[in-house]
Amino acid sequence: MAEAADFQGMTPSPARRRRRRTGALLAGAPLLAALTLFGGSPGYASQQAPAADAIGTNTVDVAVNSLTPSAPSDGDTVTVTGTLTNDSKQTVTNAHVALRVGSALSRRSSIDNASRHAAGGVPDGREIGGKYAKKISKLAPGATQGFSLSVPVKELDLGADGVYQLGVALTGQTATQAYQQTLGIQRTFLPWQPEAAETKTKTTYLWPLISQTHLTAETGSDEQQTRVFHDDSLAKEIAPGGRLQQMLSLGTALDVTWVVDPDLLASVDAMTRPYKIKKPDGTETNGKNQAVAKQWLNDLKNAVSDRKVVALPFADPDLASLAHNGTKVTGSLGHLKDATDAASTTVETVLHVKPDTSYAWPADGAIDPSIVNVATSAGADTVIARSDSLQERNNLPYTPSAARPIGSGTTAVVTDARLSEAFQGDMTKAEDSTLAVQQFLAQSLTINLQEPDNERNIVVAPQRMPSASQAQSMAQAIKADQDSSWSESEDLAAATKAKPDPEATTRVPSSRFYPSYLRKQQLPQSAFQAIQDTQTKLTNFQVILSDPSRVVTPFGRAMDRQMSTSWRGRPAEAEAYRDGVADYLTALTKQVRLIEKSEAKLSGRSATIPVTVQNNLVQGVEHLVLRLTSTNGTRLKIGDGPYDEQQVKVAGGHSQSVKFTTTSNANGRVPVFAQLYTEDGQPYGAAVRFDVNVTEITPTVMLVMAGGVLLLVLAGFRMYTQRKRAAAQRAEEGPDDGQNGESGSEPGEGDPEQPSDPTPDTAPESTDPSGTGERVDR
């Protein structure tokens, strides 16, 4: 971040020059006193004191565990507590621990440099000794001893407003170095501005409620669709003392802008009802933390009832991964739009407040043109960037306001990198927490002192998922900053609408400046391809369901979770989650299938062939078409051609047999394929192949038919011979009176009966195998 003293050619104001002169005098006085102490002449001091200090400063570890008040005013007493640990193998004797006040630091970069050299080295500043020091008569090797130093502010003799180095030093001697020397020192910062600034810095603090993915895509078959969690780790986070419970409790007492991931709300809300926990062996057990979830949600509702709430897209999708790898896969951006739409609905349903969904927050605030384009493609018009990404190039002598117009109606809210990263380290030790808090306040005050008459709007965006100890340190620093004389809080919406600084940079860096460490953490293109493959399968599945919402909603949100920023740095876990979602969807689609068939025997010219569709889902399926296709339409027709189709509708947990009319024209075995299709013509599931053995014109049938023909011929011949014999007899006897020469009886009377049609060689409908094959209905 640019600032006045960091650039050559900048002329400080008269007031600043006066402050610098005062600081120089204060810094010089302790140095002269030290030179006199070590021998009365500068030459002696330069030859002796630094050498002794350089040798001894690593002997004892000095830890500053607390400093109160963090930003003192006139009349206050500064109290510093900590511990002394002898890391050497020699006993320290005749020692004392005291505060040392160094010179004021006028630049933010000076604070950075001082923090990197906070421990060890040559002691600096003036010692506040006498009654304000604590004597340490003996400190054995490896021993630890606590201390507490209380000094009235007036004794510190602080000058003009500014940030002063405050050190805690142990001075003593050892057996091998039997003279007074500094054996250990720890430095921190003391912000000093006793009177309220005429123009305060307006500071916005983002307070994130974000967690990792906890819900699977699986749901129970009951009406409530009981949700299934990977494990019970979310319950630990929201339980008393847990990370999210600490975030909620601490944030309630602060003036902050809540930034929430709707997926967290949906997950905790699901936990307020009966839920399941998936064990490593694949079995499930009942969750038991409904009361904890209800309490956390109730506390959150109360905390945000009159506050601004910013909702990220559902599951906090990784915008940079989408921009750099996801856009190469067709359809990926559609998931971002769905996640944005789901965000508002989820927050309103769970918290009963209308959130602001106009913000996009890329990982670590790093942006490039492609990230901005993706971030705004789903409706967001403000991107939360960070100052180490959108760096100043105009040599500004101060830290500019956060809001920047970056083109196309988009605003970048540029958060301050130093303040935002202040608590990313390990804050479990009191020493680390205290130093981080004091450095945060020192940077905040320096921002105000850069341009005391120029009101600025500064935004602080910490890491997405602070630990409990980090959250406690953050809260302590924010509370002190809000109570300070130089800063006042405002919400994110106000900071976004603030008048932009015309001198601040608005140029978005190109993609080649995107940090390599962040690029290595991105989701690969293969991840987005896997997500899209799952989406395609879901689309084909949902069209056959009588109640698609039971599947579309949980799987849609699960695909949002697959793109979450929380997967950064965890590629194996991300892949396992994607595979789990895909495998579960595949298992569901296989619940609707065709039953395998054995060979079917067709022993008549026409018959019906049954094909069974099984639905093991809880809900019914419809909008399916079953097609039966003959591979030899000449020998075996299905319906009026080589194939036939029928609509299929099967209730949940049932099976249905669909019958097709067939016609055979010749003997032989014909392969037949049964395949389900969606109404738009997409194949559904695997095809089932079986053979139809056509046996309509068999040798037995031929013999029966030949016998019938022979009988007819013989009967005709007999009738012919009988008639000839009768005619000859009448010719010999002569004609009778009153007769016309015709026989008195009808031709054929007394002849054998005509043979009937042969009995059909077909069996009643049966789905069970019969003999070597399956018989079908005619």
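The coordinates are above.
Before going into details, it helps to say that this report is about the structure given with it. (Residues numbered from 1 in each chain as written. Predicted model: local features only at pLDDT ≥ 70, side-chain atom pairs only at ≥ 80, totals over all residues. Heavy atoms only, no water.)

A word on the sheet that holds strand 13 (residues 275-278). Taken in spatial order, the 4 strands of this open sheet run 10-11-13-14, and their pairing is mixed. The sheet terminates laterally at strand 10 (215-219) and strand 14 (284-286), the two strands that pair on one side only. Put simply, the sheet's adjacent strands are angled 35 degrees from each other on average, direction ignored. Two strands pair when backbone bridges link them, and strand 13 and strand 14 are joined in this way by 3 bridges, in the antiparallel orientation. When the sheet's bridge partners are listed, Lys-278 is paired in strand 14 with Glu-284. (Pairing = 2+ DSSP bridges. Helix = DSSP H or I, 4+ residues; strand = E, 2+ residues; numbered from the N terminus. Axes fitted to C-alpha atoms, helices over the stretch in contact; angles between N-to-C directions.)

Here the focus is the packing of aromatic side chains. Applying the stated criterion across every chain yields a total of 4 aromatic pairs. Pairing Phe-229 with Tyr-275 gives two aromatic rings, centres 5.2 Å apart and planes at 65 degrees, and the pair type is edge-to-face. Of the two residues, Phe-229 is situated in strand 11 (residues 227-229) and Tyr-275 in strand 13; the sequence distance between them amounts to 46 residues. Among the residues examined, Phe-229 registers a relative accessible area of 0% and is labelled buried. Residue class for Tyr-275 comes out buried when judged on its relative accessible area of 1%. Between Trp-567 and Tyr-577, the aromatic rings sit 5.5 Å apart at their centres with planes inclined by 40 degrees, giving tilted as the arrangement. A residue pair is termed long-range when its members are at least 10 positions apart, and Trp-567 in the loop between helix 18 (549-561) and helix 19 (571-589) and Tyr-577 in helix 19 qualify at 10 residues. Between the NZ or CZ atom of Arg-627 and the centre of the ring of Tyr-643, over which it lies, the distance is 5.0 Å. (Phe/Tyr/Trp six-rings, centres within 6.5 Å; stacked < 30°, edge-to-face > 60°. Buried < 20%, exposed > 50% of the residue type's maximum accessible area, 1.4 Å probe, protein only. Lys NZ or Arg CZ within 6 Å of the ring centre and 35° of its normal.)

It is worth spelling out the side chain of Thr-382 at this point. Considering the arrangement of structural elements, one finds Thr-382 in strand 17 (residues 382-386). The exposure class assigned to Thr-382 is buried, which follows from its relative accessible area of 4%. Among the polar contacts listed, one links the side chain of Thr-382 to the side chain of Asp-381, at a separation of 3.1 Å. (Polar contact = N/O pair within 3.5 Å; in protein donor to acceptor, adjacent residues only side chain to side chain.)

Purely geometric numbers; function is a separate question.
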